[in-house]
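# A look at the structure
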Amino acid sequence: MPATGTWKKMEEAPLTRESLLAVLNNEIPAVRVRNFANDDECAAFAAAVEAVGYKFYSVARKIGYIGLAQYEYRWDRPKTDYFRDAETAYGQQRELITRSFDAVQRLIDLLQPYTDGKVKIAEEAGLGRYYAGIARVAGEGVDLHADWAPLNSPSYDIGQIDAQLGWNFYAEELISGGETTVHNAPWNPECKPGEIPKSYGLDHSIVEGAPKYTFTPNKGDVVIFNTRNPHEIAGGVAGPGRNRISIGSFIGRMPNKDLVLWS
Ligand SMILES: O=C(O)CCC(=O)C(=O)O
Ligand SMILES: [Fe+2]
């Protein structure tokens, strides 16, 4: 199946009502918000990540993280486990916020004027709020994957979205490397009804021939892109005070046009 692109332009755009809608509709590769945080806030956030301490995902290239991914509960765990653990994870996020600033709330406040729907943390009817805001230390890179809740999380309310974005604030950057590449081949794997496909470590054949866009995660910036497009992060060269430290979440567009955040 040849990959076909949907982007009408190949450049990233600043945040406007038009660009937010365009990235939701997968018509542009990315939106960048420069100077989302100043140098002091970046340094405080990076120090907070080190002070709070992080765990590692069990994938080959080490990815340190603080927070909770709904994705980890998608196959064989009751929903109640996820919403219970979300509250525990918010306790840890509070420590990060106390030591630096609240990037998730700043992002919500930043986006709200640019859309008609309400921008808010996602909630599950009767079960509570999702966790939003995973901090990552990803200097070794991240393999090709796609993030698309209608396939990853069909039995959750976020499975009803019709567009999914990821936003990431970069608090520290590598000496070199660490670029993110987004492939404009919206993820559409063949799977049986009810099957939840693997979405990490995807084969590069699914993006072959598709338009791609590579961006540098500059310190202080937020970059937003459509995560249904398979994407990957290059490894790079780290050093003292130089790693790929970020925090971000997904943003889904619900049927009523609200933009809801979760990780
Ligand atoms: O850190 C990045 O540049 C992208 C991280 C990612 O995979 C995502 O936001 O879905
Ligand atoms: Fe991703």
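One can find the structure itself at the top, above this paragraph.
A few points on the structure. Everything numeric here is computed off the predicted structure, so don't read it as measured data.

An order of β8-β14-β11-β12 is seen for the four strands of this open sheet, with the pairing classed as antiparallel. If you trace the sheet from one side to the other, it starts and ends with β8 (142-145) and β12 (212-215), each paired once. Within this sheet the neighbouring strands show an average axis-to-axis angle of 10°, counted without direction. In this sheet, strand β14 (residues 231-233) lies alongside β8 in antiparallel orientation, the contact comprising two bridges. Note that in β14 the partner of His145 across the bridge is His231.

Direction vectors running N to C along helix α2 (residues 39-52) and helix α3 (residues 79-99) enclose 140°, while the axes themselves pass 8 Å from each other. By the angle class used here, α2 and α3 are oblique. For the pair α2 and α3, the sense of crossing is right-handed. Contacts between α2 and α3 involve Ala44, Ala47, Ala48, Val49, Ala51 and Val52 from the former and Gln92, Glu95, Leu96 and Arg99 from the latter.

Further remarks concern the nonpolar core. Core analysis: the largest hydrophobic core is formed by 61 residues, its most contacted members being Val23, Ala30, Val49, Ile224 and Trp262. Aside from chain neighbours lying at most four places away, what touches Ala30 is Glu12, Val23, Val182, Tyr213, Phe215, Val223, Ile224 and Phe225.

Below, the discussion takes up the site of ligand 1. In the vicinity of ligand 1, the contacting residues are Val142, Asp147, Gly166, Asn168, Thr180, Pro217, Thr227, His231, Ile233, Ser246 and Gly248. The set of elements that each furnish at least two residues to the shell around ligand 1 consists of β9 (164-172), β14 and β16 (245-253). Grouping the constituent residues of the shell around ligand 1 by class yields three nonpolar, seven polar and one charged.

How each quantity is defined
- Residues take numbers from 1 onward in each chain, read along the sequence in its written order.
- In the order they appear in the text, chains get letters beginning with A and ligands get numbers beginning with 1.
- The predicted nature of this model means local features are confined to residues of pLDDT at least 70 and side-chain atom pairs, given and counted, to a pLDDT of 80 or more, with totals for whole chains, interfaces and linings taken over all residues.
- By definition, two strands form a pair when at least two bridges between them are found by DSSP.
- The helix and strand labels rest on DSSP assignments: H or I over at least four residues marks a helix, E over at least two residues marks a strand, and numbering proceeds from the N terminus.
- Fitted lines through C-alpha atoms serve as axes, helices being fitted only where they are in contact, and the angles separating the N-to-C directions of these axes extend from 0 to 180 degrees.
- The scheme is simple: roughly parallel for angles under 35 degrees, roughly antiparallel for over 145, roughly perpendicular for 65 to 115, oblique for anything else.
- It is the rotation of the near helix from the far one that decides the hand of a crossing: anticlockwise by less than a right angle makes it left-handed, clockwise makes it right-handed.
- Remark: residues whose backbone-derived C-beta atoms lie within 7 Å of one another are considered to be in contact.
- Take the buried Ala, Val, Leu, Ile, Met, Phe, Trp, Tyr and Cys residues, join any whose C-beta atoms are within 7 Å, and the set you get is a nonpolar core.
- Here a residue counts as buried when 20 or more other C-beta atoms sit within 10 Å of its C-beta, as exposed when there are 12 or fewer, and as partly exposed otherwise, the C-beta atoms being derived from the backbone.
- Note on definitions: a residue is near a molecule or strand provided its C-beta atom, placed from the backbone, lies within 6 Å of it.
- Any residue that is not Ala, Val, Leu, Ile, Met, Phe, Trp, Tyr, Cys, Pro, Asp, Glu, Lys or Arg is counted as polar, Gly included; the first ten are nonpolar and the last four charged.

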